[in-house]
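Notes for the structure review
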There are 2 protein chains.
Amino acid sequence: MISFSIIKKSKKSKARLGILSTPHGDVETPAFVGVATQATVKTLTSDEVRTVGTQLLIANTYHLHIRPGEDVIKKQKGIHTFMHWDRPMMTDSGGFQVFSLGFGKDHGTGKILKQKRDLQITDGQQPQHIKITDDGVTFKSYVDGRTLFLGPQESIHIQQKIGADIIFAFDECTSPLADHIYNAKALQRTHRWARTCINTKTSAQALYGIVQGGKFKDLRQESARYIGSLPFDGFGIGGEFGDSKQTMSAMLRWTLQELPETKPRHLLGIGHIADIERIIKTGVDTFDCITPTHYARHGYAFTSQGKIDLKKSEHRNSTRPLDPHCSCFVCTTPYTRSYIHHLLKAYEITPLKLLTIHNLHFFNAYVARVREKIKKGLL
Amino acid sequence: MISFSIIKKSKKSKARLGILSTPHGDVETPAFVGVATQATVKTLTSDEVRTVGTQLLIANTYHLHIRPGEDVIKKQKGIHTFMHWDRPMMTDSGGFQVFSLGFGKDHGTGKILKQKRDLQITDGQQPQHIKITDDGVTFKSYVDGRTLFLGPQESIHIQQKIGADIIFAFDECTSPLADHIYNAKALQRTHRWARTCINTKTSAQALYGIVQGGKFKDLRQESARYIGSLPFDGFGIGGEFGDSKQTMSAMLRWTLQELPETKPRHLLGIGHIADIERIIKTGVDTFDCITPTHYARHGYAFTSQGKIDLKKSEHRNSTRPLDPHCSCFVCTTPYTRSYIHHLLKAYEITPLKLLTIHNLHFFNAYVARVREKIKKGLL
């Protein structure tokens, strides 16, 4: 089980400082959550993840169900022992894959999807590669083509075997192209599944409900009110929040004000550096994002001077660390920009790890400074 | 400069215990030398390389000349600062690339080459992609197609800028398919180049001459006598030594007995686990090999029970470490076989590093035990 105590509420915003206590230790919130989809933060070992200040990791139920399978993890005494991570851990429910492997596969995600805003998905439409019914979702495994069914009961059973401290209810994450009718229907499914998840769970793990509703204020608020009324231990906010950063803030504010104030809120899959203060000011306690690890593997470092592309020839002879203000192992050694540039151009694996360490440290240090700001009444 | 002292000579074999002292510290010999071709041990950071007991690294002149270029490394105050490795370091001369990018590219290397033993290369033949003359070798860069010329002077100039503790003379490493006539002519070039290297070097770096001569006893002995008579600080043994392990031992013995006993000998690019005792018994002091790192990146671990393929499904549920007798960080944590198997099947980068750490530790520990055996008069 978990407990959550709010230490301070900001007077300037909805931001709050808190302590999220789990069987594997405490998390100072607001906190950035590292992504360990397949039971590893890509390129790192768990002990390296500890050194960058990561307090909490999130792994993925869908991916771990496919590979290695929850029974393998259970035989290794659960995800903590399996990956040698002794701090708090969450598993996402697989609900995001209903989008990413469904309409997300049909229309693309991220920037590609943004170019297709004229497309509209409405009630009755099904994605090409998966099938969504009121009982759950039928997938095909990308490993061996085998048919897989994931519904609220299946997701909870799998998450119980994986054994994270915090698990999520199974939901339908809708496409940003889905219209109001589609979202309204999907929301009913998500709400029904939320109740099933609560009734299915037999473990002592904490269970977070997930608020959906797409970009529609009425649905978001309806969802927050309903999910917030159920006996969950905390709440995830899933899906998308409109096209602009401003819209996102407004939508988050409307949503969060409908949730019980005393319980922790996790924003699923959002957390670019530019978003972090905005998100925290709406009252989000934890949030996960692949940004630092994903960009690291593409040769980018986040620094106090902005994001830099280490593949660029301007770094060829630079004796500077990635960020002179950073106290991470890479910047203090320092492995220079010149060295990291060389290793990237030479297609070595080592720099992907160096950049992952730096970027995660940078994100965690950034959020630690935001916590300080809240403490000092500056945010 | 370096110095070499022999602490003990075996009475059972030609093996010897020694201390190779360099400006970056001492190496207990016999020693396994880690391969850092492009200024990194693949998948690791230099501090990780320190933790696995590696005493000495070898980088490659040809590869570093192409990328990032020796001037970049010189601007970073040399290879030690560039890659943050504070222990002894060697650079190979580029002579091996005369084979690997020459006839090696035409006929393959390793097992592929072994199937072509009926082919014969004789005097006057040139490989397709490079041109070998008495002055040096003309290559085309694999990065940008630019023509590159490497001769004894060029190799020494580059190695001086890279700044390792020990550098090697530029030689022609011949193909195992080259006949006696080809090897005899190539040997004259290699010997002439050896003198040019000695005359070119102006730095305080130690310079090793390289003995060649292919699989021919008379040429090997001629080469050892001649190279051994020149004022080198140590000697590299390059090229191949016939088809079988037995032939290799005999050839090495014939060769090494012609070299001055008081100077260190480095065997270039050979060192499978099964070869190590045999090599050391002939009087080799240091040897480098890609075996532990290469196999790691293909999912294999060397253990006290032999080489194991972690991709195999038999490891799916194994709670065992890679090797219960191993004291490396991976085996003592332990990251289990089950976890490493999962990460390999999931195409993660992390397990390549875990296996590299284990394999290098295993090789270094193996050689440390061989040193103990010599000390105790058992080898």
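Residues numbered from 1 in each chain as written. Chains lettered and ligands numbered in written order. Predicted model: local features only at pLDDT ≥ 70, side-chain atom pairs only at ≥ 80, totals over all residues.

A few words now on the overall build of chain A. For chain A, the helix and strand inventory stands at 15 helices and 16 strands. Computed over its C-alpha atoms, the radius of gyration of chain A comes to 20 Å, within 12% of the 21 Å expected for a compact globule of 379 residues. Counting only C-alpha atoms, chain A reaches 60 × 50 × 50 Å along its principal axes. Across the 379 residues in chain A, those meeting the buried criterion constitute 53%. When contacts within chain A are restricted to residue pairs at least 6 apart in sequence, long-range pairs at least 24 apart make up 68% of them. (Helix = DSSP H or I, 4+ residues; strand = E, 2+ residues; numbered from the N terminus. Rg over C-alpha atoms; globule rule 2.2 N^0.38 Å. Buried ≥ 20, exposed ≤ 12 C-beta atoms within 10 Å, placed from the backbone. Contact = placed C-beta atoms within 7 Å.)

Moving on, we come to the environment of lysine 14 of chain A. Residue and element names in this part refer to chain A. Structurally, lysine 14 can be placed in the loop between β1 (3-9) and β2 (16-22). Judged by the 16 C-beta atoms lying within 10 Å of it, lysine 14 falls in the partly exposed class. Residues lysine 14 and proline 88, 74 residues apart in the sequence, show an inter-C-alpha distance of 25 Å. Among all residues touching lysine 14, those that are not within four sequence positions of it are Arg253, Leu256, Lys281, Thr282 and Gly283.

This part covers the domain arrangement of chain A. Interfaces are often sized by the accessible area lost when the parts come together. Residues and elements named next belong to chain A. Looking at chain A, the domain boundaries give domain 1 (3-289) and domain 2 (296-375). Look at where the C-alpha atoms of domain 1 and domain 2 centre, and you get two points 28 Å apart. Contacts between the two partners involve 21 residues from domain 1 and, on the opposite side, 19 residues from domain 2. The set of elements that each furnish at least two residues to the side of domain 1 that touches domain 2 consists of β4 (31-35), α1 (46-51) and α11 (273-281). With four residues, the single largest contributor to the side of domain 1 that touches domain 2 is α11. Grouping the amino acids of the side of domain 1 that touches domain 2 by side-chain chemistry returns ten nonpolar, six polar and five charged. (Domains from an automatic or database assignment. Nonpolar A, V, L, I, M, F, W, Y, C, P; charged D, E, K, R; others polar.)

This brings us to the interface of chain A and chain B. Listed per partner, the contact involves 32 residues of chain A and 32 residues of chain B. Listed by contribution, the elements that provide at least two residues to the side of chain A that touches chain B are α3 (70-75), α4 (79-83), α14 (337-345) and α15 (350-375) of chain A. Across the side of chain A that touches chain B, the residue classes break down as 13 nonpolar, 13 polar and six charged.

Time to look at the relation of the copies chain A and chain B. Between chain A and chain B, which share one sequence, the superposing operator has a rotation angle of 180° and an axial displacement of 0.0 Å; the RMSD is 0.0 Å. The symmetry that links the two subunits is that of a two-fold axis. Looking at the rotation axis and the C-alpha trace of chain A, the residue lying nearest is isoleucine 349 of chain A, at 3.9 Å. (Least-squares fit on C-alpha atoms with pLDDT ≥ 70 in both.)

This part takes up the sheet that holds β2 of chain A. Residue and element names in this part refer to chain A. The antiparallel open sheet is built from three strands, whose spatial order is β1-β2-β3. Pairing within the sheet leaves two strands with one partner each, and these edge strands are β1 and β3 (25-29). Averaged over neighbouring strand pairs, the angle between their axes works out to 15° when direction is ignored. Note: β1 against β2, six bridges, orientation antiparallel. From the neighbouring strand, lysine 8 faces β2, where its bridge partner is leucine 17. The strands that α15 touches are β1, β2 and β3; relative to β2, the one it contacts most, it runs at about 125°. (Pairing = 2+ DSSP bridges. Axes fitted to C-alpha atoms, helices over the stretch in contact; angles between N-to-C directions.)

Residues and elements named next belong to chain A. As summarised here, the arrangement of the three strands in space is β7-β8-β9, forming an open sheet in which the pairing is antiparallel. For this open sheet the edge positions go to β7 (131-132) and β9 (147-150), each flanked by a neighbour on one side alone. The pairing of β7 with strand β8 (residues 137-140) spans two bridges and is classified as antiparallel. Bridge assignment links isoleucine 132 to a residue of β8, and that residue is valine 137.

Residues and elements named next belong to chain A. Put simply, threonine 29 and proline 30 share a cis peptide bond, and its omega is 0°. Proline 334 follows threonine 333 through a cis peptide bond whose omega is -20°. Along the polypeptide, proline 334 turns up in the loop between α13 (329-332) and α14. For histidine 84, which is not a glycine, the phi torsion comes out positive at approximately 55°. As for its position among the elements, histidine 84 is in the loop between α4 and β6 (89-92). One non-glycine residue, tyrosine 347, lies in the positive phi region at around 55°. Looking at the secondary structure, you find tyrosine 347 in the loop between α14 and α15.

Turning next to helix α8 (residues 180-200) of chain B. All names here are of chain B. The first and last C-alpha atoms of α8 sit 30 Å apart over 21 residues, in line with the 30 Å expected at 1.5 Å per residue. Along α8, the residues classified as buried are Tyr182, Asn183, Ala186, Leu187, Arg189, Thr190, His191, Trp193, Ala194, Cys197 and Thr200. Contacts made by the buried residues of α8 are with α7 (152-162), β11 (206-211) and α9 (217-229). (Expected span 1.5 Å × (residues − 1).)

Another point: helix α14 (residues 337-345) of chain B. With respect to burial, α14 of chain B is a largely interior element, eight of its nine residues being buried. In this structure, the buried side of α14 of chain B is in contact with α3 and α4 of chain A together with α15 (350-375) of chain B.

Right, let's get into the environment of lysine 114 of chain A. Along the polypeptide, lysine 114 of chain A turns up in helix α6 (residues 110-114). Put simply, lysine 114 of chain A and leucine 177 of chain A are 63 residues apart on the chain and 9.2 Å apart in space, counted from C-alpha to C-alpha.

In this section: the pairing of strand β6 (residues 89-92) of chain B. Residue and element names in this part refer to chain B. Covered by surrounding structure in β6 are Met89 and Thr91 together with Met90 and Asp92, the residues of both alternating faces. The pairing of strand β5 (residues 57-60) with β6 spans four bridges and is classified as parallel. Within β6, the position partnered with asparagine 60 by the bridge is aspartate 92. Inspection of the sheet shows β6 paired to strand β10 (residues 166-168) by two bridges, in the parallel sense. Its bridge partner lying in β10, threonine 91 is registered against isoleucine 167.

Take the packing of α9 of chain B against helix α10 (residues 245-256) of chain B next. What describes two packed helices is the angle between their axes and the distance between those same axes. Residues and elements named next belong to chain B. The geometry of α9 relative to α10 is characterised by a closest axis approach of 8 Å and an angle of 35° between their N-to-C directions. Judged by the sense of rotation from one axis to the other, the crossing of α9 with α10 is right-handed. Along the contact surface, α9 presents Lys217, Arg220, Gln221 and Ala224, while α10 presents Met251, Trp254 and Thr255. Looking at the contact of α9 with α10 residue by residue, the class counts come to three nonpolar, two polar and two charged. (Left-handed = near helix turned anticlockwise from the far one by under 90°.)

All names here are of chain B. Most of strand β4 (residues 31-35) is tucked away, with five of its five residues classed as buried. Going residue by residue along β4, you find Ala31, Val33 and Val35 tucked away on one face and Phe32 and Gly34 tucked away on the opposite face as well. Direction of pairing for β4 relative to strand β14 (residues 286-288): parallel, over a ladder of three bridges. The residue of β14 that forms the bridge with phenylalanine 32 is phenylalanine 287. Relative to β5, β4 is paired through two bridges, and the arrangement is parallel. Looking at the pairing, valine 35 lines up with isoleucine 58 of β5. Each parallel crossover has a hand, and for β4 linked through helix α1 (residues 46-51) to β5 it is right-handed. (Right-handed = clockwise from strand over helix to strand, strands pointing away.)

With that settled, the discussion passes to the environment of aspartate 288 of chain B. Residue and element names in this part refer to chain B. Looking at the element boundaries, aspartate 288 is found in strand β14. Assessed through the 23 C-beta atoms surrounding it within 10 Å, aspartate 288 is described here as buried. In this structure, aspartate 288 is in contact with Val33, Val35, Ile58, Leu268, Gly269 and Gly271, ignoring residues within four places of it in sequence.

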